[in-house]
Amino acid sequence: MSQPWAAFNDHIALTVRLTPSGGRDAIDCVETDAEGKAHLKARVTAVPEKGKANKALIEFLAKSLRIAKSSVSLASGEMSRKKILRIDGDPEDLIRKLQTLLES
């Protein structure tokens, strides 16, 4: 199975399919879309208005990965369910943290 991230020199790009108003903040699983591309399936309790759900996703991921909120930014997909997040830091460390998070 492919992974929902791509590693670069100083960051990773993480593809996420977000469900706002999802009842709880959670990472559900890794799924593959019809084109065979993997994405992280996540949900937040925040509503999808005025960027609240995007902000909640960034805060939730930063807390889950134990990194600063300023290290996570929205690269694309502001108004879409499918988003690409840029997470700054050591790519190997970030991927290890994501894998641990997905296993729990």
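What you see is a predicted model, and the numbers here were worked out from it, not measured in a lab. (Residues numbered from 1 in each chain as written. Predicted model: local features only at pLDDT ≥ 70, side-chain atom pairs only at ≥ 80, totals over all residues. Heavy atoms only, no water.)

So, on to the nonpolar core. I12, L14, V16, V44, L57, L85 and I87 are the most contacted members of the largest nonpolar core, which totals 24 residues. Looking at this core, the elements that each hand over two or more residues are β2 (11-19), β4 (38-43), α1 (52-65), β6 (82-88) and α2 (91-103). Counting residues per element, this core draws most heavily on α1, which supplies seven residues. Beyond its immediate chain neighbours, meaning those up to four positions away, I87 contacts H11, I12, L14, L65, I67, S71, V72 and L94. (Core = buried A, V, L, I, M, F, W, Y, C linked by side-chain atoms within 4.5 Å. Buried < 20%, exposed > 50% of the residue type's maximum accessible area, 1.4 Å probe, protein only. Helix = DSSP H or I, 4+ residues; strand = E, 2+ residues; numbered from the N terminus. Contact = heavy atoms within 4.5 Å.)

What follows covers the confidence of the model for the protein chain. Confidence along the protein chain averages 94 in pLDDT terms, with 99% of residues attaining 70 or more. For the protein chain, the element scoring lowest by mean pLDDT is strand β3 (residues 26-32), at 92; β6 scores highest, at 97. (pLDDT = per-residue confidence, 0-100.)

Before going further, it helps to spend a moment on the side chain of N54. Along the chain, N54 falls in helix α1. Looking at N54, the relative accessible area reads 10%, which means it is buried. Separated by 3.0 Å, the side chain of N54 and the backbone oxygen of E78 make a polar contact. Each residue touching N54, except ones within four places of it in the same chain, is listed here: L18, L74, E78 and K83. (Polar contact = N/O pair within 3.5 Å; in protein donor to acceptor, adjacent residues only side chain to side chain.)

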